[in-house]
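Here are the chains, one letter per residue:
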Amino acid sequence: MAYQFTRIAVKIGSNVLTRKDGSLDVTRMSALVDQVAELHQHGVEVVLISSGAVASGRSEVKPGRKLDPVSARQLYSAVGQAKLINRYFELFREHKIACGQVLTTKENFGSRTHYLNQKHCMEVMLENNVIPIVNENDTISVTELMFTDNDELSGLIATMMGMDALIILSNIDGIYNGNPSDPAATVIREIDGGKQDLSEYVQTSKSSFGRGGMLTKCSIAQKVADEGITVIIGNGKKENILPRLLVKGSTEVCTRFIPAAKPVSSVKKWIAHSEGFAKGEIHINKGTEEALTGPRATSLLLVGVTAIIGEFEKNDIVKIVGEDGIQIGVGCAGYDSREAVTLIGQRDIKPLVHYDYLYLD
Ligand SMILES: Nc1ncnc2c1ncn2[C@@H]1O[C@H](COP(=O)(O)OP(=O)(O)O)[C@@H](O)[C@H]1O
Ligand SMILES: N[C@@H](CCC(=O)OP(=O)(O)O)C(=O)O
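Predicted model only: the values in this text are computed from it and were never measured.

Right, let's get into the overall build of the chain. Secondary structure assignment for the chain yields ten helices and 13 strands. Relative to the compact-globule value of 21 Å for 361 residues, the chain shows a C-alpha radius of gyration of 22 Å, a close match. When burial is assessed residue by residue, the chain has 52% of its 361 residues classed as buried. At a minimum sequence separation of 6, the contacts of the chain that also span at least 24 residues come to 74%. Charge centroids of the chain, computed over 39 positive and 43 negative side chains, lie 5 Å from each other.

Residues in contact with ligand 2 amount to 14 residues; listed here are only the nearest, K11, S14, A53, N135 and D138. Separating an oxygen atom of ligand 2 from a side-chain N or O atom of S51 is a distance of 3.0 Å. Within the backbone of N150, an N or O atom sits 3.1 Å from an oxygen atom of ligand 2. Protein contact buries 95% of the 380 Å² of open area that ligand 2 shows by itself. Counting residues per element, the ones that place at least two in the shell around ligand 2 are helix 2 (53–58) and helix 5 (150–160). A breakdown of the residues in the shell around ligand 2 according to their chemical character gives two nonpolar, seven polar and five charged.

Unusually for a residue other than glycine, K96 sits at a positive phi of about 60°. Structurally, the position occupied by K96 is in the loop between helix 3 (69–93) and strand 3 (98–104). Notably, N240 is not glycine yet its phi reads approximately 50°, a positive angle. Tracing the sequence through the fold places N240 in the loop between strand 7 (230–235) and helix 7 (241–246). Since its relative accessible area comes to 39%, N240 is described here as partly exposed.

Take the UniProt feature "binding site: ATP" (unreviewed entry) in the chain next. With numbering aligned to this structure, UniProt lists the feature "binding site: ATP" (unreviewed entry) at K11. Positionally, K11 belongs in strand 1 (residues 7–12). Look past the residues within four positions of K11 in its chain and what remains in contact with it is I49, S51, N150, D151, S154, I167, I168, L169 and K217.

With that settled, consider the pattern of salt bridges. For side chains of opposite charge, pairing can occur when their charged atoms come near one another. Within the structure shown, the criterion is met by 15 salt bridges. Among the ionic pairs, E239 bridges to R28, the shortest N-O distance being 3.5 Å. Taken as a pair, E239 in the loop between strand 7 and helix 7 and R28 in helix 1 (residues 26–41) lie far apart in primary sequence, 211 residues in all. Across the pair R338 and D336 runs a salt bridge, and its minimum N-O distance is 3.6 Å.

In this section: the UniProt feature "domain: PUA" (unreviewed entry) in the chain. As recorded in UniProt, the sites labelled "domain: PUA" (unreviewed entry) are residues 280–353. For residues 280–353, the end-to-end C-alpha separation is 13 Å, with 20% helix and 28% strand making up the annotated structure.

Turning to the nonpolar core, a few remarks are in order. Residues F109, I157, I175 and F257 are the most contacted members of the largest nonpolar core, which totals 43 residues. Of the residues forming this core, the biggest block, six residues, is contributed by helix 6 (residues 214–226). Each of domain 1 (5–262) and domain 2 (266–358) gives at least three residues to this core. With near-sequence residues (within four places) excluded, F109 lies in contact with T104, Y115, Q118, F147, L153, L156, I157, M160, W270, S274 and F277. In terms of nonpolar packing, the next biggest core, distinct from the first, is built from 35 residues, I85, L91, C99 and A165 among them.

About the criteria used
- Residues numbered from 1 in each chain as written.
- Chains lettered and ligands numbered in written order.
- Predicted model: local features only at pLDDT ≥ 70, side-chain atom pairs only at ≥ 80, totals over all residues.
- Heavy atoms only, no water.
- Helix = DSSP H or I, 4+ residues; strand = E, 2+ residues; numbered from the N terminus.
- Rg over C-alpha atoms; globule rule 2.2 N^0.38 Å.
- Buried < 20%, exposed > 50% of the residue type's maximum accessible area, 1.4 Å probe, protein only.
- Contact = heavy atoms within 4.5 Å.
- Lys, Arg positive; Asp, Glu negative; His and termini not counted.
- Charge placed at Lys NZ, Arg CZ, Asp CG, Glu CD.
- Near = heavy atom within 4 Å.
- Polar contact = N/O pair within 3.5 Å; in protein donor to acceptor, adjacent residues only side chain to side chain.
- Areas by Shrake-Rupley, 256 points an atom, 1.4 Å probe, with all protein chains shown as cover.
- Nonpolar A, V, L, I, M, F, W, Y, C, P; charged D, E, K, R; others polar.
- UniProt positions renumbered as here; feature names shortened; annotations may be inferred.
- Salt bridge = Lys/Arg side-chain N within 4 Å of Asp/Glu carboxyl O.
- Core = buried A, V, L, I, M, F, W, Y, C linked by side-chain atoms within 4.5 Å.
- Domains from an automatic or database assignment.

Printed below as a string of C-alpha cells:
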C-alpha cells in the first residue's frame, strides 16, 4: 500500500479511547494499534499523542472521600497513564514493535534546551523503530500550567518533529458547516490554511470526555497548516480509519487543512508556537519596530529597547512590544533580564534577539 506521507503525528482524543461509561475502550485501542502497525510496516514514521490517562484511571480507583477536580485528575492520571501505556506496550508487542512513553509539560516547550532534549529523545526513538507515545504529564500539570488540551500538544509535537502531517482523531468525521446534529450540516472537506473564519460553524459544546472542544482543534490546525504541515481531522471510531485517510488518492470523509507553501525554519516554528510560554516583555521604540517589520532581516538590538518587563533567563521566550503597547512578535532572548536591563541603549554588542530567533506576528 502506498501512503501520502512518510512522517506523521497522530493524536488520539480522549473520547476515541473511551466508552460511554467512561471506561477505556480496549477494542478501539487495539484496532488503532493495528492501523499504526500497518503504517509503520510500510515505512511511515509515526509519533502518537494519546489522551486517555484520566479516563483509564477513573475505573481503577475509588477515592475514600470526595476529591477536588485537581486532586481527582492527579490521582486518576497517575494510575491511568500506567494502565494506558501498559496496554499500548502489550498491543504493539503483538506486532513485534516497541513503543515508549514520553510525558511532557507546557514548561518543557518554553526553554530551548528542554525543547531540544524532547526532540532528540523522539528522534532517537524513531531512528530505532520505536513508536513514541506522548501525553501531558497530568500528575504535575495543573491549572495555568496545563496545555489547553492534547490538540495543542499534538500541534507542538508536529511542528517540533517536522512532520509531513498531523492527523487528529476525534469522535466525529471532521468539521461540520453547522451543528453536527443538524441533518443539513455537512463536513467541510478542505480548509485553506488560516484564512477561513470557522467560528461561525463550530459549536462550543464538547464531547463528554474531551477538554478543549472543536474550536481549539480548528485554531491549532490552522496554525500548524500555516507552517507547512497538512492537518487532517477524522473519525477515530471508524474502522481502519488511518490507512483509509492516508492512502494515496484517499476520498475518505474528513477535514483537510491545506498546508502553506512557505518554508519556515524549525527555530522560528518553535518560537511561533511558544508565545504562551513567554517569560517577559521587551518594549522597543518606533524606529526599531519599523526596522524589524521592514523588508530586511533585522535583529533586535539593545539600542532600540525602551524597557524590559519581567524576569527571564537567556534562551527564554519573550514578547516584543511596540511603542503603542501592541505586541509585534516573539523571540528567544540572547541575555537574561538582569544583564539586559543594564545594557539598554548600548550599541555594537550582540543583539538581544537575533533575527534567526525572532518571529513577527
Ligand atoms: N462544527 C462542528 N463540527 C464538528 N464537531 C463539532 C462542531 N462544533 C462542535 N463540535 C464538537 O466537537 C467535538 C470534538 O471535540 P472534543 O470534544 O474536544 O474531542 P476530542 O476529545 O477528540 O479532542 C465533537 O464531538 C462535536 O460535538
Ligand atoms: N492528558 C489527558 C487528556 C486531556 C485532553 O485534552 O484530551 P483531549 O480532549 O482528547 O484533547 C489524559 O490523558 O487524560
